[in-house]
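The chain contents come next:
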Number of protein chains: 2
Amino acid sequence: MKQESAKERILLAAGPIFASKGFEKTTVREICSAADVNVASINYHFGDKKELYTQALILARQLREEQVPFPAWTDDVTPDEKLRGFIALLLQRIVVMQTEPWEIRLLLREVMHPTDAARPLIENYFRPFLDRLMSIVDEILEHRLPDHQRHQIGFSIIGQCMHYRVSGEMISMMISEDEYQNCFEIQNLADHIWRFSLGGLRGIRESIVDSQLSASDRLSNQVPS
Amino acid sequence: MKQESAKERILLAAGPIFASKGFEKTTVREICSAADVNVASINYHFGDKKELYTQALILARQLREEQVPFPAWTDDVTPDEKLRGFIALLLQRIVVMQTEPWEIRLLLREVMHPTDAARPLIENYFRPFLDRLMSIVDEILEHRLPDHQRHQIGFSIIGQCMHYRVSGEMISMMISEDEYQNCFEIQNLADHIWRFSLGGLRGIRESIVDSQLSASDRLSNQVPS
DNA sequence: TAGTAATTCAAACAATTGTTTAATACACTC
DNA sequence: GAGTGTATTAAACAATTGTTTGAATTACTA
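Residues numbered from 1 in each chain as written. Chains lettered and ligands numbered in written order. Predicted model: local features only at pLDDT ≥ 70, side-chain atom pairs only at ≥ 80, totals over all residues. Heavy atoms only, no water.

On to empty space enclosed by the protein, then. If you roll a probe as big as a water molecule over the atoms, it shows you where there is empty space left. The full count for this structure, using the stated rule, is three cavities of 30 Å³ or more. Here the largest cavity defines a volume of roughly 360 Å³. Going through the elements one at a time, α9 (168-174) of chain A together with α5 (79-94), α6 (102-112), α7 (118-141) and α8 (147-166) of chain B are the ones with two or more residues in the lining of the largest cavity. Estimates place the volume of the second largest cavity at around 120 Å³. Lining the second largest cavity are 13 residues, with Phe126 and Ile158 of chain A together with His163, Met170 and Met174 of chain B sitting closest to its centre. (1 Å grid on protein atoms, 1.4 Å probe; cavity = no way out; pocket = protein on both sides within 12 Å on 5 of 7 lines; lining within 4 Å. Points joined across faces, edges and corners; volume = space filled by probe spheres on them. Helix = DSSP H or I, 4+ residues; strand = E, 2+ residues; numbered from the N terminus.)

Written as structure tokens, this is what we have:
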């Protein structure tokens, strides 16, 4: 009298396993063991392993169709504080990712190995991050830069965060375990990246002011020689 | 009358294959076929597949050291210029995709998914690289921060560069092809990352000055109540 | 040149993989 | 309740993996 059919149990068991180990390293026997079904069941119900993976991907997408919303900031939150919140959120959701549900992790895995035509999915997930970030940058700079500069700034901030995901293992090997435990927690990292990026932004803002000044110099305020 | 011994041919053949497919997906038979040796040769000369991988990594590092030595800066180069040079060098080493030598791909693979073979790599290759960057940072700040902060700064700069390598695909999805062609050349990126990082460093330097001031306030300049 | 050590080779080995099979158990209809 | 189609099972299968074996060949030395 099991609530879920064998097919459902396989699908539900496969998702998290695929999400954490990927397609290649996941064995059908492991899935069947987790789903408590016979080894032949995958082939009986899904045809083959690949089709099961596809179904798991589809299921993940259905379950996560709606975008995960960003926190809504009230009006009294300063742009600087928003940036701090954004960086912490990015670190939390994409870098650590343990807190993310398996559906997201599975989809993200697909993102990292861009073999399939899952392009729109990628856009849907990452585009809001970048857009949101750039609008915060606009606020901080009190100025909307040309797109390519906005993008470069966005990638500078995202890149700092992503590095802890992409090279996280290497980083943990390069510094002492003690330092890693104490100084590379999410909040520590968010603080540093926040400060570093605020500095970078301020430098850019000042260079804007300079260029504007020099531009107005050239235009209307020629210094008499 | 072959110039290269079987052992050498195996090593030379293994490098590019490991680099393009990774350790798991590379089969010993493929390597042996490429090296034109018997299947048993790997085990005879190297013991097992894993040791061959380690040797290939070591070779990659040696070749890379010879190919791209670090520039020796003269005394009149300012720390800021050194940072600019460092960033450009890093970008040049890791971002260029086409005509990219297998040594880089193999090394970067190890960065993202380190195996046991990564330990000596870190000590001999990556650590000195990070140290170099951090010493430049020390010069710019005219102050040696605690290690964890030096590391975080180093990772912030390296992370910005790495992002264009690791997420290059996603980046090209986020921006128009036109913008990508015109504004994301290596020199453009180096300029931006350089400026952004200089700003970040300046922010940190000022926070040092502030904390030193407030520290001296507390220590020797107590305000009479 | 004879002999010994090092190397190469085809073949087999053991383990793991995804998949198939054929018998059995179950569920449902008439 | 017999019959029929579906579902489950243990076992085997075929393919691939890294590795080992033992004989054959080569290279080197005394």
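Residues and elements named next belong to chain A. Negative charge collects at one region of the surface, where Asp75, Asp76, Asp80 and Glu81 lie side by side. One can find Asp75 in the loop between α4 (49-63) and α5 (79-96). A relative accessible area of 81% means that Asp75 is categorised as exposed. (Patch = residues over 30% accessible without salt bridge, like charges linked within 9 Å, V, L, I, M, F, W, Y side chains within 5 Å. Areas by Shrake-Rupley, 256 points an atom, 1.4 Å probe, with all protein chains shown as cover. Salt bridge = Lys/Arg side-chain N within 4 Å of Asp/Glu carboxyl O. Lys, Arg positive; Asp, Glu negative; His and termini not counted. Charge placed at Lys NZ, Arg CZ, Asp CG, Glu CD. Buried < 20%, exposed > 50% of the residue type's maximum accessible area, 1.4 Å probe, protein only.)

It is worth spelling out the environment of Arg105 of chain B at this point. Residues and elements named next belong to chain B. The topology assignment puts Arg105 in helix α6. Its relative accessible area of 26% is what places Arg105 among the partly exposed residues. In this structure the C-alpha to C-alpha distance between Arg105 and Ser20, which are 85 residues apart in sequence, comes to 7.1 Å. Not counting chain neighbours up to four residues away, the residues in contact with Arg105 comprise Pro16, Ala19, Ser20 and Glu100. (Contact = heavy atoms within 4.5 Å.)

With that out of the way, let us pick up the interface of chain B and chain A. Contact with chain B, which involves 51 residues of that partner, is made by 47 residues of chain A. The largest share of the area that chain B buries against chain A comes from Phe155, Met174 and Phe196 of chain B, three residues that together contribute 18% of it. For the pair chain B and chain A, the number of links is four salt bridges. Among the ionic pairs, Lys25 of chain B bridges to Glu24 of chain A, the shortest N-O distance being 3.4 Å. For the interface between chain B and chain A, the tally reads 15 residue pairs in polar contact (both at pLDDT 80 or more). Those elements that place two or more of their residues in the side of chain B that touches chain A are α1 (6-25), α6, α7, α8, α9 (168-174), α10 (177-183) and α11 (186-220) of chain B. Looking at the side of chain B that touches chain A residue by residue, the classes come out as 26 nonpolar, 15 polar and ten charged. (Buried area = accessible area lost by both parts, 1.4 Å probe. Polar contact = N/O pair within 3.5 Å; in protein donor to acceptor, adjacent residues only side chain to side chain. Nonpolar A, V, L, I, M, F, W, Y, C, P; charged D, E, K, R; others polar.)

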